[in-house]
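# Summary of the model geometry
Residue strings, one per chain:
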Amino acid sequence: MSQINKLKILNDPIYGFITIPNTLVYDLIQHPYFQRLRRISQMGMSYLVYPGAHHTRFHHALGCMHLMQKAVQTLRFKGVEISTDEETALYIAILLHDIGHGPFSHAMEHSIVEDVHHEEISQLFMNQLNEEFDGKLSLAIKIFKGDYHRKFMLQLISSQLDMDRLDYLKRDSFYSGVAEGNINSERLIQMMNVENDVLVIEEKGIYSVEKFLVARRLMYWQAYLHKTSVVAELILTKILKRAKEFTQKGIILQASEPLQYFMQHKISLEDFNADILNRFALLDDFDIVSAIKSWQFHEDYVLSTLSGMIINRDLLKIQMMEEKVDKTQLSELKSRYMNQYQLSEKEAEYFVFKGKLKNQAYNKSSEPIHILKKDRTIEDVVEASDQLHLKALSKPVTKYFICFPKVLLES
């Protein structure tokens, strides 16, 4: 196959045309591990709130790579030396940064495998691909892990102002229709520079950074932490928890082979080998949806009721509050539901529970967003800005909630 065929152009509704820069990147995109991302939704269960939010991780990863191309172009123009190898490594690292996401992205992060973060699975996928591609991903992996001596390269992939955030805010805002999240990613990239091996934003870009941080805060409350998305994701994890309980007792539920496997076995990070990784690579949103579609008719009250809630979007009631949930209110709701439906306390806990949400648009304790002043000094954006609200944005905000079936409102 001639190389020309591999330099494809893709059409993206946000940036227009995205070009695939070289044959190695093309081959990685074509790999089944990466193609799987077409079947993983970017915003989990948010489509139950915003019907347009059906875009995928595949879409997002390509968008990130496109922005990385813009960033390399901008930095080179400003005299930052980036070799061809480093350039390709940056494209690969950002392209694969989310390859370890499970079905419905964050919604089921700890449900399918026990306490394994998607970043760790991304790392495993990268290592496996590196073997298949004869070590051509070694530099990308080094940058991704933060082991490369040029630290600003990691900041482009993972920091408080990286290509990942620049793409997902703009993309999620576009597909959900939440206009408040729309940021000017092109301008932010134009303002980037490198000073003493640190990624900085030139002072004249400070308002764009402020807008970015405000947009991030609004997207979290309006989209990612929208109470309906939150309750839907919690129901989803509870469905899987119930299904795992049955499967581990030897009761076989209707589900695809890969899903059966992860319900039967407790998989921790240490257990991951090439075989388990390949099984994980066969899992996507479709396995979960088709399982839930059949489980809504299961004889178990908990499994069928919860599954029906997701399929028919008839969810639990969720009430948000500023203070911690009152334990007596929780147990009173629980006992009312137990009596009404003759359930055990353990069963009722699937329907009546509490939790909390935390949102922090800017984290002062992790690596700051650096502003390069006119006199070449570097300052944290919170200090450099004349906006008092940036200090407020760096304080974590916690909200508490309680979930219970709607029938309890009527009775």
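Up top is the structure.
Keep in mind the model is a prediction, meaning the values are calculated, not measured.

In this section: the overall build of the chain. Within the chain, the secondary structure is distributed over 20 helices and nine strands. Overall, the C-alpha framework of the chain stretches about 70 × 55 × 35 Å when taken along its three principal axes. Across the 411 residues of the chain, 56% fall into the buried class. Pairs at least 24 residues apart make up 71% of the contacts formed inside the chain by residues separated by at least 6 positions. Distance from the positive charge centre (49 side chains) to the negative charge centre (53 side chains) of the chain: 4 Å.

Moving on, we get to the side chain of Asp 162. Inspection of the secondary structure assignment puts Asp 162 in the loop between helix 7 (151-157) and helix 8 (163-176). Buried within the structure, Asp 162 lacks any salt-bridge partner; its nearest side chain of opposite charge belongs to Arg 165, at an N-O separation of 4.5 Å. At 3.2 Å, the side chain of Asp 162 and the backbone nitrogen of Asp 164 are in polar contact. Looking at Asp 162, its side chain comes within polar contact range of the main-chain nitrogen of Arg 165, at 2.7 Å. If sequence neighbours within four positions are ignored, Asp 162 has contacts with Gln 155, Leu 156 and Ile 157.

We now examine the pairing of strand 4 (residues 198-202). Residues in a regular strand point their side chains to alternate faces of the sheet. With four of five residues buried, strand 4 is to be regarded as a mostly interior element. Where strand 3 (residues 192-195) and strand 4 come together, four bridges link them in antiparallel fashion. In the strand pairing of strand 4, Asn 193 is matched with Val 200. Between the end of strand 3 and the start of strand 4, which pair antiparallel, lie two residues, with Asn 196 showing a positive phi angle near 50 degrees. Bridging between strand 4 and strand 7 (residues 370-372) involves three bridges; their strand directions are parallel. Looking across to strand 7, one finds that Ile 201 is bridged to Ile 371.

Considering all chains together, one arrives at 13 aromatic pairs under this definition. Between Phe 174 and Tyr 175, the ring centres sit 5.0 Å apart and the planes meet at 75 degrees, which makes this aromatic pair edge-to-face. Here a set of aromatic residues connected by ring pairs shows up, and it is made of Tyr 33, Phe 125, Tyr 261, Phe 262, Phe 272 and Phe 280. The ring of Phe 58 carries Arg 38 above its face, with NZ or CZ at 3.9 Å from the centroid.

About the thresholds
- Residues numbered from 1 in each chain as written.
- Predicted model: local features only at pLDDT ≥ 70, side-chain atom pairs only at ≥ 80, totals over all residues.
- Heavy atoms only, no water.
- Helix = DSSP H or I, 4+ residues; strand = E, 2+ residues; numbered from the N terminus.
- Buried < 20%, exposed > 50% of the residue type's maximum accessible area, 1.4 Å probe, protein only.
- Contact = heavy atoms within 4.5 Å.
- Lys, Arg positive; Asp, Glu negative; His and termini not counted.
- Charge placed at Lys NZ, Arg CZ, Asp CG, Glu CD.
- Salt bridge = Lys/Arg side-chain N within 4 Å of Asp/Glu carboxyl O.
- Polar contact = N/O pair within 3.5 Å; in protein donor to acceptor, adjacent residues only side chain to side chain.
- Pairing = 2+ DSSP bridges.
- Phe/Tyr/Trp six-rings, centres within 6.5 Å; stacked < 30°, edge-to-face > 60°.
- Lys NZ or Arg CZ within 6 Å of the ring centre and 35° of its normal.

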